[in-house]
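Coordinate analysis (summary)
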Amino acid sequence: MASPVSQLIINGLVTGSIYVLVALSLSLLFGILGIPDFSQGALLMLGGFSSYFLVTDFGLSLFFALPIAMVLVGILGIVEQRLTFGYLEGRSEVALLILALALFIFYQNAAAILWTAESKTFPVPELLDGSFGILGGSASYANWLAIALALVSVVTIHLFTRYTLTGTAMRAVAQDRDVAYLMGIDVDRISMLTFGVASALSAMAGGLLGAIYSINPFMGTSEILRAFVIIILGGAGNILGAAVGALFLGLLESFSTFYISSKFTTAIVFVAVIVILVFKPTGLGGG
Amino acid sequence: MSNDTSPDASSIRRRDVLKIAGTTGAGITLAGCSQNGGGNGDGTPTPTSSSGNGGGNGGGGTQTLTIGQAIPLTGPGSVYGQPTSGGVTMAVEDVNSDGGIEVDGTTYELEYLTADSKCAPEAGRNAAQSLISNENVDLMFGGNCPTANLAWIDLVKDNDMFIVVNGNESIELHSMGYDYDYIFSPFTVINNETFPNLSRMYPFGTYAVKELGFENVAFLTPEIQYGLSTQDAIGNAVENAGGTVAGKVTHSFGASDFSNQIAKLKSLDADVVVASTFPNAFFAFLKQATDAGLREQMQIVSAQSPAEEIANRLVSDDVADGFLDFALTYEPAQQAAAAGDIASQPANRQKEFRSRFQDRYSERTFNALAVSGYESVMLLKTAIEKAGGVDNDSLASGFGSISWSDVQDFTMQYYVPPNGSVSGTERQGKIFGGGHQAFYESSLQKWNKGNKEYQELIRVGPYWNQ
């Protein structure tokens, strides 16, 4: 029997890729704006449902539905910022957390009432039908797409924040919001943009999860909780650190499920976080 | 934020880490509470149908008998709670429109109040408390969610009330040896596998080895107690029948990603995997197993009833093709009735009820819980009429004496052999025996080609505890 290691690595990369997208979203919001936005887990769910309705009701291919869903949820994220978070930015972290949780619960239960609590699936394009193997492991084309999109997102966000004017402005706001304002940076615009981009990333994760597995109103909960763990591991605001942390977590879950049991996966993940923080409090990616 | 290792503004200080960790911990706790509905719990009862005033026992005239049910109406558990409450509501309306329940000159009209348990212990207890203390319901129905139900069942006992438990929690209650005289809790249901009594799982293992020829059996179940016990029950049967248990794999409750479990199953030397899990999870696993090539290595068997509507939505026909299912669901029930293997009247009534339910509740999924909810009320009516009273002792006596002849005109799910074993066509005797064990005749069915084909009715008797 062939070693399962290759398969476990691929499984871990797929899981990690979804985590990467959510972690990027949270890293942007927490790193730049200092907002622990739990509601991104619900926006992930709304991204999944948007993709679902665009595919099933409007007959669009996932290749079109996914970007449209990202735009729609991105706009929702901006609206969310303008109507709620915008009033609390820079203020009490507890208030921000409670707001985020409230939105999270609201979105989930609204979705359950509107669309029932049952899981739903939607068809993937023929191009994604089938699987591809490498070095003894295999994954569906949809899974490979998730890995590719996660990689592209990491590179894009990294380059954007590092080499563009707007990205530099984002980093300035992250360092010191007030000074950035004094330097003439439109902090409100940066805030809106950050919410938009972060929400779009969450929506992408939701659409991919729907394509690979299924959607339901309560999806996104475990992903957002893991995203918080990841940004601790990777260092809040550190894009590459978040990516490394996400992949590490995906691989850890994959191997622990196989060699130990799924019962202990969550416990193993959090023990790993504790151990890492004890020896490296700034996280894997921190300075 | 930064993408490099510059130490100054981008570094995170230790207290920032602690702040983040504390915030995260609070967030996780609160999010967990919100998912489980804890803390506030929606104890506000919702009148689902009502008629008359007051409640009570005897006295002549018309009185109201109020049934309370703390049931998951929102959240993930609502897929169970909504069909159940729909079934109970329809039954209450049918009983009332037929003139209610006549006992010794008193006509009882039924009233049904629900409160949302969210399938969570704290919310469930608050909901039940509200129904019992604020709404003063006359009796309770179980809430189809063991986690919540077990948190409030003592309230029933403390308030000396009668409770009808016709759902999943009956398994836990019987496992616990719950000691209370005023409880009616049948722990197996014929012709649908929604509430599998673990001892009934035993025949699956025996049949798989002796009749289907599988020698090395692997398992996939949720990692909750139900799943682990199922693995043990069927695994014991497999080994006693001469087979071997190749491995036991679990998944987290509510999981949708089975890639790691599939990798584990592939590493086992098994010729079949028995997946006893919830329908949504089973079909997600089936699709991923198909994509991953697991089905080229081993047969997949479902030991729990996946409803056709879920199958149709979650997987395509070609994915649903070829797996085996030890369960009898609606369409196969019709086919089995047409073939003369089981009585036709219950199957026909079920079909008609399904149509009524779907017309009435187009937004809810119709499943066995709707049937069970409906029949709980009909059994209650039968028990009251047989015993001639609505007090606890009468209800206990009434339920205990229900026989096949009492239910044959309305049941959609009970098939009673005369002595609890495989029978011929004559059905007599009590429908519920000692410990409320419901007798059944033909609860195992093998069907293939997804949900489209009925293959064979498997009678339980020969494979029971061999």
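All values reported here derive from a predicted model rather than from experimental measurement. (Residues numbered from 1 in each chain as written. Chains lettered and ligands numbered in written order. Predicted model: local features only at pLDDT ≥ 70, side-chain atom pairs only at ≥ 80, totals over all residues. Heavy atoms only, no water.)

Counting its regular elements, chain A contains 11 helices and 2 strands. Across chain A, helices and strands are ordered from the amino to the carboxyl terminus as α-α-α-α-β-β-α-α-α-α-α-α-α. Overall, chain A is about 65 × 50 × 35 Å in size when its C-alpha atoms are taken along their principal axes. The 287 residues of chain A split such that 59% are buried. Summarising the internal contacts of chain A: among those between residues at least 6 apart in sequence, 76% fall at separations of at least 24. Summing over all exposed atoms, chain A offers an accessible surface of approximately 11,200 Å²; the carbon and sulfur share of this is 71%. Within chain A, the 14 negative side-chain charges are centred at a point lying 8 Å from the centre of the 10 positive side-chain charges. (Helix = DSSP H or I, 4+ residues; strand = E, 2+ residues; numbered from the N terminus. Buried < 20%, exposed > 50% of the residue type's maximum accessible area, 1.4 Å probe, protein only. Contact = heavy atoms within 4.5 Å. Areas by Shrake-Rupley, 256 points an atom, 1.4 Å probe, with all protein chains shown as cover. Lys, Arg positive; Asp, Glu negative; His and termini not counted. Charge placed at Lys NZ, Arg CZ, Asp CG, Glu CD.)

A cluster of nonpolar side chains, contributed by Val5, Ile9, Tyr259, Ile260 and Phe264 of chain A, occupies part of the molecular surface with about 460 Å² of accessible area. Here Ile260 of chain A falls in the exposed class, since its relative accessible area comes to 52%. (Patch = residues over 30% accessible without salt bridge, like charges linked within 9 Å, V, L, I, M, F, W, Y side chains within 5 Å. Salt bridge = Lys/Arg side-chain N within 4 Å of Asp/Glu carboxyl O.)

Geometry of a packed helix pair, given as the angle between the helix axes and the separation of the axes. All names here are of chain A. Axis separation between helix H1 (residues 5–33) and helix H9 (residues 221–234) bottoms out at 8 Å; the angle between their running directions is 65°. The way H1 lies across H9 gives a crossing that is right-handed. On the side of H1, the interface is formed by Ile18, Tyr19, Val22, Ala23, Leu26, Ser27 and Phe30, while H9 contributes Glu223, Ile224, Arg226, Ala227, Phe228, Ile230 and Ile231. Looking at the contact of H1 with H9 residue by residue, the class counts come to 11 nonpolar, 1 polar and 2 charged. (Axes fitted to C-alpha atoms, helices over the stretch in contact; angles between N-to-C directions. Left-handed = near helix turned anticlockwise from the far one by under 90°. Nonpolar A, V, L, I, M, F, W, Y, C, P; charged D, E, K, R; others polar.)

Another point: the sheet that holds strand S10 (residues 272–275) of chain B. For sheets, the rule is that strands pair by backbone hydrogen bonds, running either parallel or antiparallel. Residues and elements named next belong to chain B. Spatial strand order, S9-S8-S10-S11-S12: 5 strands in an open sheet with parallel pairing. Two strands close off the open sheet at either side, each with one partner strand: strand S9 (244–251) and strand S12 (324–325). Pairing between strand S8 (residues 216–222) and S9: 7 bridges, direction parallel. Bridge pairing in S9 links Pro222 to His251. The strands touched by helix H7 (residues 225–240) within the sheet are S8, S9 and S10, with S8 carrying the most contacts at an inclination of about 165°. Contacting S8, S9 and S10, helix H8 (residues 259–266) runs over the sheet at an angle of about 170° to S9. (Pairing = 2+ DSSP bridges.)

All right, on to the environment of Ser222 of chain A then. Residues and elements named next belong to chain A. Turning to its location among the elements, Ser222 is positioned in helix H9. By relative accessible area, which is 35% here, Ser222 ends up partly exposed. A C-alpha to C-alpha distance of 8.2 Å links Ser222 and Gly41, two positions 181 residues apart in sequence.

The subject of this paragraph is the nonpolar core. Counting residues in hydrophobic clusters, the biggest one holds 90 residues, and the most contacted among them are Ile32, Phe38, Phe85 and Ile224 of chain A. Examining the composition of this core, we find that 15 residues originate from one element, H1 of chain A, more than from any other. In this structure, Phe85 of chain A is in contact with Ile35, Asp37, Ser39, Glu80, Leu96, Leu99, Ala100, Leu103 and Phe195 of chain A, ignoring residues within four places of it in sequence. Grouped together as the second largest cluster of nonpolar side chains are 57 residues, Leu65, Val88, Ala128 and Ile153 of chain B included. (Core = buried A, V, L, I, M, F, W, Y, C linked by side-chain atoms within 4.5 Å.)

So, about the pattern of salt bridges. Opposite charge on two side chains permits them to pair, given that their charged atoms come into close proximity. Residue and element names in this part refer to chain B. Applying the stated criterion across every chain yields a total of 9 salt bridges over all chains. Between Lys118 and Asp116 there is a salt bridge, with its nearest N and O atoms 3.6 Å apart. On the basis of relative accessible area, Lys118 is assigned to the partly exposed category, the value being 24%. According to the relative accessible area criterion, Asp116 is buried, its value standing at 4%.

So, about the packing of aromatic side chains. Residue and element names in this part refer to chain A. With the rule as written, the count across this model stands at 24 aromatic pairs over all chains. Ring geometry for Phe49 against Phe53: centres 6.2 Å apart, planes inclined by 40°, an arrangement best described as tilted. Residue Phe49 and its partner Phe53 are both found in helix H2 (residues 40–56); the two are separated by 4 residues, about one turn of the helix. Given a relative accessible area of 1%, Phe49 falls into the buried group. On the basis of relative accessible area, Phe53 is assigned to the partly exposed category, the value being 21%. Ring geometry for Phe53 against Trp115: centres 5.2 Å apart, planes inclined by 55°, an arrangement best described as tilted. On the criterion of sequence distance, the pair formed by Phe53 in helix H2 and Trp115 in helix H4 (residues 93–115) is long-range, its members being 62 residues apart. (Phe/Tyr/Trp six-rings, centres within 6.5 Å; stacked < 30°, edge-to-face > 60°.)

With that out of the way, let us pick up a negative patch on the surface. Taken together, Glu126 and Asp129 of chain A together with Asp317, Asp318 and Asp321 of chain B make up a surface patch of like negative charges. Tracing the chain through its elements places Glu126 of chain A in the loop between H4 and strand S1 (131–134). Judged by its relative accessible area of 74%, Glu126 of chain A is exposed.

This part is about the state of the cysteines. Residues and elements named next belong to chain B. In the structure shown here, the tally under the stated rule is 1 disulfide over all chains. Between Cys119 and Cys145 runs a disulfide, and the two sulfur atoms are separated by 1.8 Å. Its S-S torsion of approximately 80° makes the covalent link between Cys119 and Cys145 right-handed. Residue Cys119 is located in the loop between strand S4 (106–116) and helix H3 (121–134), and its partner Cys145 is located in the loop between strand S5 (139–141) and helix H4 (146–158); the two are separated by 26 residues in the primary sequence. (Disulfide = S-S within 2.5 Å.)

Let us now look at H1 of chain A. Residue and element names in this part refer to chain A. Between its first and last C-alpha atoms H1 spans 40 Å; for 29 residues at 1.5 Å apiece the expected length is 42 Å, and the two agree. Where burial is concerned, most of H1 is hidden: 25 out of the 29 residues are buried. Of the residues trailing H1, Gly34 is marked for its positive phi of about 70°. (Expected span 1.5 Å × (residues − 1).)

Residue and element names in this part refer to chain B. Unusually for a residue other than glycine, Asp104 sits at a positive phi of about 50°. Among the structural elements, Asp104 can be located in the loop between strand S3 (101–103) and S4. Even without a glycine there, the phi angle at Asp160 is positive, about 55°. Relative to the helices and strands, Asp160 resides in the loop between H4 and strand S6 (162–164).

Summary statistics for chain A give a mean pLDDT of 88 and a share of 97% for residues scoring 70 or more. Of all helices and strands in chain A, the one with the weakest mean pLDDT is S1 of chain A (82), whereas H2 of chain A scores best (95). (pLDDT = per-residue confidence, 0-100.)

Next up on the list: the confidence of the model for chain B. All names here are of chain B. Counting all residues, the mean pLDDT for chain B is 76, and 70% of those residues have values of 70 or more. Long-range and interchain partners of residues 47–56, a stretch whose pLDDT sits below 50, account for 28 contacts in this model, where long-range means more than four residues apart. This model gives residues 416–428 a pLDDT under 50, and the stretch forms 26 contacts once residues within four places in sequence are excluded. With a pTM of 0.73, the predicted complex shows an ipTM of 0.77.

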